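These are the residues of each chain, in order.
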Amino acid sequence: MKWIWHWILSAVSLLIVAWLFDAIWFDSVAAAFIAAIVLGLINAILRPILQFLALPVTILTLGIFALIINALLLLLTGKLVPGFHVEGFFAAFFGSIVLSIVSSILSAVFED
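Residues numbered from 1 in each chain as written. Predicted model: local features only at pLDDT ≥ 70, side-chain atom pairs only at ≥ 80, totals over all residues. Heavy atoms only, no water.

Participant: Would you mind going over the side chain of Ser96 with me for this structure?
Facilitator: Locating Ser96 in the fold gives a position in helix H5 (residues 89-110). Only 2.8 Å separates the side chain of Ser96 from the backbone oxygen of Phe93, close enough to count as a polar contact. If we skip the residues at most four places from it in the chain, Ser96 touches Leu67, Asn70, Ala71 and Leu74. (Helix = DSSP H or I, 4+ residues; strand = E, 2+ residues; numbered from the N terminus. Polar contact = N/O pair within 3.5 Å; in protein donor to acceptor, adjacent residues only side chain to side chain. Contact = heavy atoms within 4.5 Å.)

This is the structure in structure tokens:
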């Protein structure tokens, strides 16, 4: 039951980011829920592999490259999910930063 709540919070976080950024949008609320699942799967499978491979660059850039990986994963989610649109790298970059902040706030408020 906890994973359903986490899924709902992830979808709401994505909807808030889409509301804040004109370059990120959804065609429907259902697309936000599908994007939350896809982004969760991508973050669970691809993100650890990419972070391991990019560890030297991440160390050299003092962690900034981790933000680039997050942006690329958000862009990939936008390409995979019909109805979820991300216009360009900079929208994904700043959107992923705001997404992590919003997700953290919502999780702190509504979980536990």
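Participant: How should I be thinking about a nonpolar patch on the surface in this particular structure?
Facilitator: There is a patch of nonpolar side chains on the surface, built from Met1, Trp3, Ile4, Trp5, Ile8, Val12, Ile101, Ile105, Val109 and Phe110 and spanning about 1,000 Å² of accessible area. Breaking the nonpolar patch down by element, the ones donating at least two residues are helix H1 (2-20) and H5. It is H1 that contributes the most residues to the nonpolar patch, five residues altogether. Assignment of secondary structure puts Ile105 in helix H5. (Patch = residues over 30% accessible without salt bridge, like charges linked within 9 Å, V, L, I, M, F, W, Y side chains within 5 Å. Areas by Shrake-Rupley, 256 points an atom, 1.4 Å probe, with all protein chains shown as cover. Salt bridge = Lys/Arg side-chain N within 4 Å of Asp/Glu carboxyl O.)

Participant: Which parts of the structure should I look at to understand the environment of Leu20?
Facilitator: With respect to the secondary-structure elements, Leu20 resides in helix H1. Overall, the relative accessible area of 46% leaves Leu20 in the partly exposed class. Separated by 84 residues in the primary sequence, Leu20 and Ser104 place their C-alpha atoms 16 Å from one another. (Buried < 20%, exposed > 50% of the residue type's maximum accessible area, 1.4 Å probe, protein only.)

Participant: Help me understand the nonpolar core in this model?
Facilitator: Nonpolar side chains in soluble globular proteins tend to end up buried together. One finds Leu14, Ile24, Phe26, Leu74, Phe84 and Val86 to be the most contacted residues of the largest nonpolar core, which totals 26 residues. Mapped by element, the contributors of at least two residues to this core are H1, strand S1 (24-26), helix H2 (29-53), helix H4 (64-80), strand S2 (84-86) and H5. If we ignore the near neighbours within four places in the chain, the residues touching Ile24 are Val17, Ala18, Phe84, His85, Val86, Ala91 and Gly95. (Core = buried A, V, L, I, M, F, W, Y, C linked by side-chain atoms within 4.5 Å.)

Participant: What is the right way to look at the side chain of Ser13 in this model?
Facilitator: By the element assignment, Ser13 lies in helix H1. A distance of 3.3 Å separates polar atoms of two side chains, one belonging to Ser13 and the other to Ser103. The residues touching Ser13, leaving out its near neighbours within four places in the chain, are Leu99, Val102, Ser103 and Leu106.

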